[in-house]
Amino acid sequence: MPQIHARPGPFMFAPPHLALVVIDMQRDFIEPGGFGAALGNDVTPLRAIVPAVRRLIDGFRVAGLTVVHTRECHKPDLSDCPPAKRLRGTPSLRIGDPGPMGRILIAGEPGSDILPELAPLPHEVVIDKPGKGAFYATPLQAALAARSVTHLVLAGVTTEVCVQTTMREANDRGYECLLAEDATESYFPQFKRATLEMVRAQGGIVGRTATVDAIVDALAGVGCRARSS
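Each chain has its residues counted from 1, following the order in which its sequence is written. With the structure being a predicted model, the display of local features is reserved for residues of pLDDT at least 70 and the display and counting of side-chain atom pairs for 80 or more, all residues being used for whole-chain, interface and lining totals. Values shown for side chains rest on all heavy atoms present in the structure; no hydrogens or waters enter the calculation.

Enquirer: What should I look at first to understand the sheet that holds strand β4 (residues 66-72) in this one?
Expert: Sheets are built from strands paired through backbone hydrogen bonds, the pairs being either parallel or antiparallel. Two strands make a pair as long as DSSP finds a minimum of two bridges between them. Secondary structure elements are taken from DSSP: a helix is a run of H or I of four residues or more, a strand is a run of E of two residues or more, and numbering for both begins at the N terminus. Here 6 strands make up an open sheet; going across it, the order is β7-β4-β3-β8-β9-β10 and the pairing parallel. Looking along the sheet, the strands with just one partner apiece sit at the ends: β7 (125-129) and β10 (208-210). Pairs of neighbouring strands in the sheet enclose a mean axial angle of 25°, with direction left out of account. Sheet topology places strand β9 (residues 176-185) next to β10; 3 bridges connect them, and they run parallel. Bridging from a neighbouring strand, L178 pairs with R208 of β10. Throughout, a residue-residue contact means that at least one pair of heavy atoms, one from each residue, lies within 4.5 Å. Fitting a line to C-alpha atoms yields each axis, with helices limited to the stretch in contact; the angle taken between N-to-C directions then spans 0 to 180 degrees. Running over the sheet, helix α9 (residues 212-220) touches β3 (18-23), β8 (151-157), β9 and β10 and is turned about 125° from β9.

Enquirer: Please clarify how the side chain of K129 should be interpreted in this entry.
Expert: Looking at the secondary structure, you find K129 in strand β7. In this scheme, a residue with accessible area under 20% of its type's maximum is buried, one over 50% is exposed, and one in between is partly exposed, where area comes from a 1.4 Å probe on protein chains only. According to the relative accessible area criterion, K129 is buried, its value standing at 0%. Excluding anything up to four places from it in sequence, K129 contacts I23, D24, T70, R71, E72, C73, A134, T138 and C162.

Enquirer: Quick question: what am I supposed to make of the packing of aromatic side chains here?
Expert: Centre-to-centre distance and the angle between the planes together describe a pair of aromatic rings. Aromatic pairs are defined between Phe, Tyr and Trp rings, using the six-membered ring for Trp, whenever the two ring centres lie within 6.5 Å; interplanar angles under 30 degrees are classed as stacked, those over 60 as edge-to-face, and all others as tilted. Counting across every chain of the model gives 2 aromatic pairs. Measuring from centroid to centroid gives 5.9 Å for F135 and Y175, while their planes differ by 35°, and the two rings are tilted. Residue F135 is found in the loop between β7 and α6 (140-146), and its partner Y175 is found in the loop between α7 (159-172) and β9; the two are separated by 40 residues along the sequence. On the numbers, 4.8 Å between centres and 45° between planes, the contact of F188 with F191 is tilted.

Enquirer: Looking at this model, I keep getting lost on the environment of G156. Mind explaining?
Expert: When you line up the elements, G156 lands in strand β8. Residue classification places G156 among the buried positions, given a relative accessible area of 0%. For G156 and A180, which are 24 residues apart along the polypeptide, the C-alpha to C-alpha distance reads 8.7 Å. Dropping the residues within four chain positions of it, G156 is found in contact with I23, M25, I49, V163, A183, T184 and E185.

Listed below in structure tokens is the structure:
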């Protein structure tokens, strides 16, 4: 069985049952003028991981494995956005407010789009999620089950919020999880470091972590037959 060099130990996987989940690589979080910037954050660190995320996506595509993209966004009438979420914190622009890229975190607006460099292919799974975790109120579980997926590699933003929440949701559902260390990022470096340590603590209580190089190298040896999703 193939394995990926990871911490705290090897990540074993059967190629047909492995999928990549790329969390929220959206303009609203990564480009100036979006929701991330409206919260007062420097988006530069998130932008810096784009090449690594692209290498990871390309590795899965070449191997013919499932790629899933998620977008955190809400219906135009905000019926799926609890008032507590919209009112939380003190951003300069709240969810649903008009911004430089359309209404903030609203489905169909330019800001909710995935970055062009990471755009999904027509056959790849795209999940719009109203919460932090990608399983909550979405068809992700059904999409993975339909493809017989049991093992997940996760990447995207932000490490300690939507990525970690999704990883913990997946862990509770029985998936074996691996977090790509250099294909995930936070607005707060210390939060990313802490999340990586939490994930692999106690022998990998939530999952394992590995570099993009290690993951792509392992996939290159798979020779898996390409399949449509």
